[in-house]
Amino acid sequence: MGAMATNKPEPLLTRDGSPAAALWSLNSRWRHINHGSYGAVPVFAQLRRLTYLQEAESAPQRWFGAAPARVAQARADLADFIGVDADHFGFVPNASAGMTASIRSLQLKPGDELVITDHTYGAVAFSAKREARQRGATVRTVPIDLDASPKQIVNALGKALAKKPAGLIVDASSSSTAREFPLAELAALAAQHEVPLLVDAAHAPGIQHRPAEGVAASAWVGNLHKFACGFRGTAVLVAEKTFAKELYPLIDSWGMDEPFPARFDQQGTIDYTPWLATVDVITGLEDRIGWDAIRAYIDTLLNYSTDIVADALDAASGEESRVDVGAPAPGMRLLRLPGTLGATGPEAQALRQRITDTLGFETQITNWRDTGYLRLAAHAYNTADDYERFAEDVVPTLVNWSREG
């Protein structure tokens, strides 16, 4: 049954001693414990983006003429944070767009097979299946148990790689099950079989130090709007030199004849301000708090909060909410919901909205293999009180809803 909760952390402070939460503009009407989905942008960066927007609207032609060079400079400014040289990655709107571009670059042929797992993010799986269907290829889904060890994962995917598929898609940290995959081992295995490895690292930037460093994948995609606290519409696509030769953005524009990643610096008349202002987010949070301090706080807060919420669920429902996910993803924790709550996609979505509308919490409900889960997340603006209130105010209602069917 439940374990004793770890020590309760005090709210995170900035370097000048003020509450870290004051840097954000989140509405206090709701408690926000779902940073892992949509993130949250600090106020100072919102204001910086407004300055960029005003600059763009004051002289649009001048703005777009200078945009490629400014985007290239933004890549240079982010290189250390991402963990690779600036000429190894380009900007994309989000991880799904980056994965779609990478899947297309595989240039599947009739009879080819693309391998994914049953933890693969839904939108990425859709993209893989659509591309395969249009090109006469197939997608093979390899089941990976929730509590699988790194060795078990490598063995399961090694059998699929032995058949020489056209590509392997894996998560760095899975969205629905909040578990990590052994990227270093899988990259070595894929290289051994000469199979391109595409890594969906949607949650990695910000929560992991230099997340792309040392990951020998053909393509690696990470969102900046999640734990890095950037604006929605910002992600990076890291590519290996040979693979990058056939890697193009989803929008054909005037930079298409440029080498990778310069061709990604110019993607039509899209709004470039989120990319530029996200640099200000990352440097600004380092100046005001420090990323090492943020990551340490998130880990401590989640350890405490998971115990608090799990103990409350167990006591109220008489069921065991803790689950063994093999290797928990940084920044997120998974708990099993009581009864059949959230067991299907539509039920999980409806439950998440009901919690927000009636109980005042923005949280994440996922489902996997006909089971509903509560996925907890945290960031610098969260406090222990957020999760204590969830345990006291929301958990009893969730258990009642489960009993009502």
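Let me sum up the structure you'll find in this document. Keep in mind the model is a prediction, meaning the values are calculated, not measured.

Conventions we followed
- Residues numbered from 1 in each chain as written.
- Predicted model: local features only at pLDDT ≥ 70, side-chain atom pairs only at ≥ 80, totals over all residues.
- Heavy atoms only, no water.
- Phe/Tyr/Trp six-rings, centres within 6.5 Å; stacked < 30°, edge-to-face > 60°.
- Helix = DSSP H or I, 4+ residues; strand = E, 2+ residues; numbered from the N terminus.
- Buried < 20%, exposed > 50% of the residue type's maximum accessible area, 1.4 Å probe, protein only.
- Lys NZ or Arg CZ within 6 Å of the ring centre and 35° of its normal.
- Expected span 1.5 Å × (residues − 1).
- Arc of directions from axis to C-beta.
- Contact = heavy atoms within 4.5 Å.
- Axes fitted to C-alpha atoms, helices over the stretch in contact; angles between N-to-C directions.
- Parallel < 35°, antiparallel > 145°, perpendicular 65-115°, else oblique.
- Left-handed = near helix turned anticlockwise from the far one by under 90°.
- Pairing = 2+ DSSP bridges.

### Quick word on the packing of aromatic side chains
A complete count under the given rule lists nine aromatic pairs for this structure. Summarising the aromatic geometry, the rings of Tyr52 and Trp63 are spaced 6.5 Å apart at their centres and angled 50 degrees between planes, so their arrangement reads as tilted. Placement of Tyr52 in helix H2 (residues 43-58) and of Trp63 in helix H3 (residues 60-82) is noted, with a sequence separation of 11 residues between them. Of the two residues examined, Tyr52 and Trp63, each falls in the buried class. In textbook terms, an aromatic cluster arises when at least three aromatic residues are bridged by ring pairs, as seen for Phe64, Phe89, Phe91, Tyr272 and Trp275. In this structure, Arg49 packs its charged tip against the face of Phe231, placed 5.1 Å from the ring centre. Sitting over the ring of Phe44, Arg288 keeps its end group 3.8 Å from the ring centre.

### Some thoughts on helix H6 (residues 150-161)
Look at H6: 16 Å from first C-alpha to last across 12 residues, which is about the 16 Å you get at 1.5 Å a residue. The set of residues buried in H6 consists of Ile153, Val154, Leu157, Gly158, Ala160 and Leu161. Within H6, the buried residues cover an arc of 155 degrees as seen down the axis, which keeps them to one side. Residues Lys151 and Lys159 are exposed on H6 and point more than 90 degrees away from its buried face. Buried residues belonging to H6 abut strand S3 (113-117), strand S4 (138-142), strand S5 (167-171) and helix H7 (183-192).

### Focus: the packing of H6 against H7
Taken N-terminus to C-terminus, the directions of H6 and H7 make an angle of 20 degrees; their axes are 10 Å apart at the nearest point. Put simply, H6 runs roughly parallel to H7. Where H6 crosses over H7, the two elements pack in a sense that is right-handed. Only Glu185, Leu186, Leu189 and Ala190 of H7 make contact with H6, whose side of the interface consists of Ile153, Val154, Leu157, Gly158 and Leu161.

### Quick notes on unusual backbone geometry
Residue Pro261 follows Phe260 across a cis peptide bond; omega there is 5 degrees. Relative to the elements of secondary structure, Pro261 occurs in the loop between helix H8 (241-244) and helix H9 (273-288). Located in the positive-phi region is Lys164, a residue other than glycine, with phi close to 55 degrees. Looking at the element boundaries, Lys164 is found in the loop between H6 and S5.

### Overview of the sheet that holds strand S9 (residues 332-336)
Pairing in this open sheet of three strands is antiparallel, and the strands run S9-S12-S11 from one edge to the other. Lying at the two open borders of the sheet, with one neighbouring strand each, are S9 and strand S11 (364-368). For this sheet the average axis-to-axis angle between neighbouring strands, irrespective of direction, equals 35 degrees. Bridging between S9 and strand S12 (residues 371-377) involves five bridges; their strand directions are antiparallel. What sits directly across from Leu335, in S12, is Leu374.

### Structural notes on the environment of Leu146
Secondary-structure assignment places Leu146 in the loop between S4 and H6. For the pair formed by Leu146 and Ala327, sequence separation is 181 residues and the distance between their alpha carbons is 9.1 Å. Each residue touching Leu146, except ones within four places of it in the same chain, is listed here: His119, Thr177, Arg179, Val323, Asp324, Val325, Gly326, Leu334, Trp368 and Tyr373.

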